[in-house]
Amino acid sequence: SVDLVVVVKDRFNNLASSSVVRFTRVGGTGGFNDTSRTTSDTLITTNGQGQASVRLFTSTVPVSNIIKAKLQSTANDSVLFTVKTEPRAISSLVMTVGANWVAGVAQAVTVNAYDQFGNLTTNAVNNIQLTPVASPSLTFTPASGLLPLSGGVASFTARDTSAKSFMQIQATASGIGTQT
């Protein structure tokens, strides 16, 4: 969320209290005053310092919100705000692997990175590191086990050269915790 504030002054440059400002979402998916983001238009009366403020709750996916703040008492006194939302912070990693492995056969391993709201972090620039846990016969492609996220996803190939009933792979995002 972000707080938007306009200051209203009269023609003599004095702060104008008790003026009404209409905040309207012109584009995007943000909303005012509550986290449901359903309110797209709201009226705010300026305080004693001539300020009208509203909290814009933004989306958790990449989007540009365009907000118009217009003084109700005039025909054309307005200002536009553009608020861009770009989720980047990784909150969790989800690793997908096949359930049945065959010794010596390459298997796909996919790691998806999500933000705190469960959205794929398509703008994240972290690297994902795969590491075998107590499985010395496990190898990865690329051999380093390190790939950058692309659109919130890193796709690897893994191969275990010996058949065993238990194997663990750990995924780590640079600057973030692990997922095993």
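Residues numbered from 1 in each chain as written. Predicted model: local features only at pLDDT ≥ 70, side-chain atom pairs only at ≥ 80, totals over all residues. Heavy atoms only, no water.

**Some thoughts on the overall build of the chain**
Now for step 1: Secondary structure assignment for the chain yields zero helices and 15 strands.
Now for step 2: Evaluated residue by residue, the chain yields a buried proportion of 34% over its 180 residues.
Now for step 3: Residue pairs at least 24 apart in sequence account for 58% of intrachain contacts in the chain once pairs closer than 6 positions are excluded.
Now for step 4: Counting every atom, the chain has about 9900 Å² of accessible surface; 50% of that belongs to carbon and sulfur. (Helix = DSSP H or I, 4+ residues; strand = E, 2+ residues; numbered from the N terminus. Buried < 20%, exposed > 50% of the residue type's maximum accessible area, 1.4 Å probe, protein only. Contact = heavy atoms within 4.5 Å. Areas by Shrake-Rupley, 256 points an atom, 1.4 Å probe, with all protein chains shown as cover.)

**Some words on unusual backbone geometry**
Now for step 1: Residues Thr141 and Pro142 are joined by a peptide bond in cis, for which omega reads 5°.
Now for step 2: Structurally, Pro142 can be placed in the loop between strand E11 (138–141) and strand E12 (146–148).
Now for step 3: Of note, Ala134 is a non-glycine position whose phi angle comes to about 55°, a positive value.

**Some words on the pairing of strand E14 (residues 168–173)**
Now for step 1: Every second residue of E14 is oriented toward a common face, the buried set being Ile169, Ala171 and Ala173 and the non-buried set Gln168, Gln170 and Thr172.
Now for step 2: Judged from the six bridges that link them, strand E10 (residues 127–133) and E14 form a sheet pairing that is antiparallel. Looking across to E14, one finds that Gln129 is bridged to Thr172. (Pairing = 2+ DSSP bridges.)

**Side note on the nonpolar core**
Now for step 1: One finds Leu93, Val111, Ile128 and Leu130 to be the most contacted residues of the largest nonpolar core, which totals 18 residues.
Now for step 2: Residue assignment for this core shows that the elements contributing at least two residues are strand E8 (92–97), strand E9 (107–114), E10, E11, strand E13 (153–160) and E14.
Now for step 3: The contacts of Ile128, once residues within four sequence positions are left out, are Leu93, Val111, Gly145, Leu146, Leu147, Leu149, Ala154, Phe156, Ala171, Thr172 and Ala173. (Core = buried A, V, L, I, M, F, W, Y, C linked by side-chain atoms within 4.5 Å.)

**With respect to the pattern of salt bridges**
Now for step 1: One pass over the structure, following the stated rule, counts two salt bridges.
Now for step 2: Across the salt bridge formed by Asp3 and Arg55, the nearest N and O atoms sit 2.8 Å from each other. Of this pair, Asp3 sits in strand E1 (residues 2–7) while Arg55 is found in strand E5 (residues 51–57), placing the two residues 52 residues apart along the sequence.
Now for step 3: We classify Arg55 as partly exposed; its relative accessible area is 37%. (Salt bridge = Lys/Arg side-chain N within 4 Å of Asp/Glu carboxyl O.)

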